[in-house]
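A structural walkthrough
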Amino acid sequence: MTTPRPHLLRIATRKSPLALWQSEHVADALRAAHPGLEVTLVPMSTRGDEVLDRSLSAIGGKGLFLKELEVAMLRGEADCAVHSLKDVPMELEPGFMLPAILPRAEHADGFVSNRFETLDALPAGAVVGTSSLRRQAQVRALRPDLVLRDLRGNVNTRLAKLDAGEYDAIILACAGLERLGLEARIRSRLTAPQWLPAPAQGAIAIECRDDAGDMAALLAALDHAPTRRCVEAERAMNRALHGSCHVPVAALASERGDALFLQGMVGSASDGRAVRAEGEGADPESLGRRVAEQLLEQGAGPLLGIEPPA
Ligand SMILES: NCc1[nH]cc(CCC(=O)O)c1CC(=O)O
């Protein structure tokens, strides 16, 4: 006897334009992969979206963007949730899994400004807007003469603050800008090895309950194995550094023949110190751990606050 195939699939999503685009994208891909399957969105607000006056670390971290969506899945009000994988904590909540990681879009951060082409072109004292400790650390390391100022809110809000003249430049993920049709705002790309993205930046993940059975199998049709291997290495590195999203950790893995090449960075948002390491290997998990060990050998511990300075 076989159980009937699910015919309706409900996707819990945040309500920001980027989150809605990503969820629609997943819905379209699921409809294409499973003709006859009805796919609907269940938009909801999360605490991470609502509290904008305090830093994310102060109110409980990026998990806050997932919590309400997970509750909806536990209550049976939604079958899965769609996330930017870079916003998903390194340790998933027990009872949940990621049945699919979609093909990665562009991984790079973009330099966005109305007056300047590149980070290098900014005059001393220019104001750069970003609340990401990772981006702050990399700006400090490359251009200690610039002024950093916090900038939160969704992509459109951040662009509006740039246009209002509050900043000379801001830094946003190219993937998000492209998805919103705002690619023209990218003046230049911040590229490796000088500049690395957040672990898993540019990758979209689907989350469901780990007892989802047939539903998980439907979702797994969208999984892209090469992307999964790369982001697993990046996330394994971050996990081995006790990486939450509150520490300036950056990582980028790419395929090199049958193997993976992983570059990692740990920095300091306050003084621009940074350590870097890289490695190559076939197993994402052990490669990630190995690069993390090298980072720690080079002094990442004190930067992360997990061991006292030598
Ligand atoms: N921090 C919010 C966030 N989460 C995912 C993206 C972009 C899309 C992606 O990386 O997949 C963004 C915007 C940004 O960092 O500019």
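About the thresholds
The residue numbering used here restarts from 1 in each chain and proceeds along that chain's sequence as written. Since the coordinates come from a predicted model, pLDDT governs what is reported: local features require at least 70, and pairs of side-chain atoms require 80 or more to be given and counted, while whole-chain, interface and lining totals use all residues. Based on all heavy atoms of the structure, the side-chain values leave hydrogens and waters out of the count. UniProt positions are given in the numbering used here, feature names are shortened, and annotations may be inferred rather than shown by experiment. For two strands to be treated as a pair, DSSP must find no fewer than two bridges joining them. Every helix listed is a DSSP run of H or I at least four residues long, and every strand listed is a run of E at least two residues long, numbered separately from the N terminus. Lines fitted to the C-alpha atoms define the axes, with helices restricted to the stretch that makes contact. Angles between their N-to-C directions range from 0 to 180 degrees. Note on contacts: a residue pair is in contact if any heavy atoms of the two residues lie within 4.5 Å. Any residue with at least one heavy atom within 4 Å of a molecule or strand is counted as near it. In protein, a polar contact requires one atom able to donate a hydrogen and another able to accept it; more generally it is a pair of N or O atoms within 3.5 Å, and residues adjacent in sequence count only if both atoms are side-chain atoms. We get accessible surface area from the Shrake-Rupley algorithm with a probe of 1.4 Å; when it comes to residues, only the shown protein chains can shield them. Domains are outlined according to an automatic or database domain assignment. Comment on the angle field: the value is read as roughly parallel under 35 degrees, roughly antiparallel over 145, roughly perpendicular from 65 to 115, and oblique elsewhere. Crossing handedness follows the turn of the near helix against the far one: under a right angle anticlockwise gives a left-handed crossing, and clockwise gives a right-handed one.

- With an unreviewed UniProt entry as reference, the protein chain is termed Porphobilinogen deaminase, source organism Lysobacter defluvii IMMIB APB-9 = DSM 18482.
- Of the comments in the UniProt record for the protein chain, the one headed Catalytic activity (unreviewed entry) reads "4 porphobilinogen + H2O = hydroxymethylbilane + 4 NH4(+)".
- What the UniProt record of the protein chain gives under Function (unreviewed entry) is the line "Tetrapolymerization of the monopyrrole PBG into the hydroxymethylbilane pre-uroporphyrinogen in several discrete steps."

Structural notes on the sheet that holds strand β11 (residues 249–256)
- Here we have 3 strands laid out as an open sheet, ordered β11-β12-β13, and antiparallel in their pairing. At either end of the open sheet lies a strand with only one pairing partner, and these are β11 and β13 (274–281). Neighbour-to-neighbour, the strand axes of the sheet open up by a mean angle of 10°, direction not taken into account.
- With 8 bridges joining them, β11 and strand β12 (residues 259–267) adopt antiparallel strand pairing. Its bridge partner lying in β12, leucine 252 is registered against glutamine 263.
- Across the face of the sheet, helix α5 (residues 133–142) comes into contact with β11, β12 and β13 while running at roughly 90° to β11.
- Across the face of the sheet, helix α9 (residues 225–240) comes into contact with β11 and β12 while running at roughly 145° to β11.

A closer look at the site of the ligand
- Taken together, the neighbourhood of the ligand is formed by Leu18, Ser84, Lys86, Asp87, Arg135, Leu172, Ala173, Gly176, Arg179, Gln201, Gly202 and Ala203.
- Take aspartate 87: an N or O atom from its side chain is 2.9 Å from a nitrogen atom of the ligand.
- Within the backbone of glycine 202, a nitrogen or oxygen atom sits 3.1 Å from an oxygen atom of the ligand.
- Taking 390 Å² as the accessible area of the ligand by itself, protein coverage stands at 89%.
- Summarising the domain contributions, the shell around the ligand has at least three residues from each of domain 1 (8–102 + 203–223) and domain 2 (109–190).

Some thoughts on the packing of α9 against helix α10 (residues 284–297)
- Taken N-terminus to C-terminus, the directions of α9 and α10 make an angle of 40°; their axes are 7 Å apart at the nearest point. Judged by the angle between their axes, α9 and α10 are oblique. Once α9 is placed against α10, the crossing between them reads as right-handed. Listed contacts from α10 to Arg229, Glu232, Ala233, Ala236, Met237, Arg239 and Ala240 of α9 are Pro284, Glu285, Leu287, Gly288, Arg289, Val291, Ala292 and Leu295.

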